[in-house]
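Summary of the model geometry
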Amino acid sequence: MRKLAKGNVAVIMGAILGGCRAYYGYPITPASEIAEAAALYIPQVGGTFLQAESEVSAINMVYGAASAGVRAMTGSSGPGLSLMQEGISYLAGAELPCVVVDVMRGGPGLGNIAPEQSDYFAMVKGGGHGNYRNFVLAPASVQEMADLTRLAFELADRYRNPAIVLADGFIGQMIEALDLNLSDQALPPEKPWAVCGTPETRANLITSIYLEPDELEAHQRKMEAKYARAQQVEPRHELYLAEDAEVLLVGYGIVSRVLRSAVEKIRAQGLRAGLFRPITLWPYPSAALAEAAAHCRSVLVVELSNGQMVEDVRLALDGKVPVEFYGRVGGNVPSAEEIQEQVMARVEQFAD
């Protein structure tokens, strides 16, 4: 089925095809259409939609549903995700799979409702307390809002861990063509660890509290091992004209689409530019980035923030290639021409 859809609606389409049958949330701009679509569509497939009284309640309802083995999700924006951090930490500590969608807006504080990429640190570095990681997927189109949400459920169950779909307000609000294969519906795996209120699962215990130090250390070592496995096999990225690039542009979400146009304009001026787009922000595709940048003269990271992902780029390149940064905030999105000017100016400086 091919149809026009808004990014926030595509999230729910992908979630349903991915086997999601429970949504708990509290509306907030620019993510409110996720809850609206969930309220409309999830009950039609026999699932549960519940508007919680707050984001704190919503994430803890997700905890309950995930404990029972149901594929469950919520969605919000920056201020709401701040309130959910404790619950996400509990979900990670209890090794409960779930999906959280963050449609980022301008920050800090209440900021505004325009698009930004201000929540990178909070989602990628694990904003709540404790030693844990979130899977973080960054869609760059309406199609990917559906596809990566479905993938998020697969990763969440494969590793028993929260997975975040991190989109900016532009991707959430834009309308594009969306292709869905309605006959290809995921079958969630068996979850013998779940608590289902049956005699068979009576002995199961879902918890994130381990009062004995050795017991907690052993639990954390087990979590570290699964994170190490994920870092080996789950990084994802996309390249565009990067094979012979002298200058590599790095950006995710809506920025990557601007950078793709900028690459073509820069090449028209005679400078070989390329694009590296991380699709997973955790695990970060560091090895692939290092390989793509190995023969470049410089790297320019562009974000809708004061500079957050640029730290992971610098770690990945370890000083082997100069890394520059350009960011816009407050809901401003740079044009391709603006990036073109930035690149040409910096390349001239670099040449001097």
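Anything mentioned here points back to the structure above.
Below or above, wherever it landed, is the structure these notes cover. Position numbers for residues start from 1 in each chain and track the written sequence from start to end. For this predicted model, a pLDDT threshold of at least 70 governs which residues receive local features, and a threshold of 80 or more governs which side-chain atom pairs are given and counted, while totals over whole chains, interfaces and linings are taken from all residues. Values reported for side chains reflect all heavy atoms of the structure, with hydrogen atoms and water molecules removed beforehand.

A few points about the layout of surface pockets
The condition is simple: The rule is simple: put a 1 Å grid over the protein atoms alone, call a set of points where a 1.4 Å probe fits but cannot get out a cavity, call an open set with protein on both sides within 12 Å along at least five of seven lines a pocket, and count a residue as lining if it has an atom within 4 Å of a point. Grid points are joined across faces, edges and corners, and a volume is the space filled by probe spheres set on the points. We count a stretch as a helix when DSSP gives it H or I for four or more residues in a row; a strand needs E for two or more, and each element gets its number in order from the N terminus. In this classification, Asp, Glu, Lys and Arg are treated as charged, Ala, Val, Leu, Ile, Met, Phe, Trp, Tyr, Cys and Pro as nonpolar, and every other residue, Gly included, as polar.
A volume near 270 Å³ is recorded for the largest pocket. Around the largest pocket, the lining is made up of 16 residues, and of these Ser 89, Gly 93, Gly 130, Ser 208 and Leu 216 lie nearest the centre. Those elements that provide at least two residues to the lining of the largest pocket are α4 (78-93) and α8 (213-233). Its residues placed into classes, the lining of the largest pocket shows 8 nonpolar, 8 polar and no charged.

Comments concerning the pairing of strand β11 (residues 247-250)
Worth spelling out the cut-off: Accessible area is worked out with a 1.4 Å probe on protein chains only. A residue is then buried under 20% of its type maximum, exposed over 50%, and partly exposed in between. The pairing criterion for strands is at least two bridges between them, as found by DSSP. Handedness rule for crossovers: strands pointing away from the viewer, path from the first strand over the helix to the second running clockwise, crossover right-handed.
Across the two faces of β11 the burial is the same, with Val 247 and Leu 249 and Leu 248 and Val 250 all buried. Where β11 and strand β12 (residues 273-278) come together, 4 bridges link them in parallel fashion. Paired with Leu 248 across the strands is Gly 274, a residue of β12. The parallel pair β11 and β12 is bridged by helix α9 (residues 254-268), and the resulting crossover is right-handed. As paired strands, β11 and strand β14 (residues 298-303) are joined by 4 bridges and run parallel to one another. Looking at the pairing, Val 250 lines up with Val 301 of β14.

A look at the side chain of Asp 312
Basically, it comes down to this: Under the rule applied, a polar contact is a pair of N or O atoms within 3.5 Å (in protein, one hydrogen donor and one hydrogen acceptor; residues adjacent in sequence only if both atoms are side-chain atoms). Two residues qualify as a contact provided that any one of their heavy atoms is within 4.5 Å of a heavy atom in the partner residue.
Within the secondary structure, Asp 312 is located in helix α11 (residues 309-317). Among the polar contacts made by the side chain of Asp 312, one reaches the side chain of Lys 125 at a distance of 2.7 Å. If we skip the residues at most four places from it in the chain, Asp 312 touches Tyr 120, Val 124, Lys 125 and Tyr 284.

Points about the packing of aromatic side chains
Applied cut-off: Side-chain rings of Phe, Tyr and Trp (the six-membered ring for Trp) are treated as a pair once their centres are within 6.5 Å; stacked means planes under 30 degrees apart, edge-to-face means over 60, and tilted covers the remaining angles.
Within the structure shown, the criterion is met by 6 aromatic pairs. Ring plane angle 15° and centroid distance 5.9 Å describe the contact between Tyr 23 and Phe 49, whose orientation is recorded as stacked. In this pair, Tyr 23 is assigned in strand β2 (residues 22-25) and Phe 49 in strand β3 (residues 48-51), connecting sequence segments 26 residues apart. Pairing Tyr 227 with Trp 282 gives two aromatic rings, centres 5.8 Å apart and planes at 85°, and the pair type is edge-to-face. Placement of the pair is Tyr 227 in helix α8 and Trp 282 in strand β13 (residues 280-282), with a sequence separation of 55 residues. Of the two residues, Tyr 227 and Trp 282, both sit in the buried class. Grouped by ring-pair contacts, the aromatic residues Phe 135, Tyr 159, Tyr 227 and Trp 282 constitute a single cluster.

Observations regarding helix α1 (residues 7-17)
A large share of α1 lies buried, amounting to 10 of its 11 residues. Among the residues of α1, Gly 7, Asn 8, Ala 10, Val 11, Ile 12, Met 13, Gly 14, Ala 15, Ile 16 and Leu 17 are the ones counted as buried. The positive-phi residue at the C-terminal boundary of α1 is Gly 19, with phi of around 95°.

A few points about the sheet that holds strand β10 (residues 237-240)
Note the following rule: Note on method: axes are straight lines fitted to C-alpha atoms, helices fitted across the in-contact stretch only, with angles between N-to-C directions ranging 0 to 180 degrees.
Sheet architecture is open: 5 strands sit in the order β10-β12-β11-β14-β15, paired in mixed fashion. Of all the strands in the sheet, the pair left with one neighbour each is β10 and β15 (323-327). This sheet shows a mean twist of 20° between the axes of neighbouring strands, independent of strand direction. Pairing geometry for β10 and β12, over 4 bridges, is antiparallel. Within the sheet, the bridge partner assigned to His 237 lies in β12 and is Pro 278.

By themselves these figures say nothing about function.
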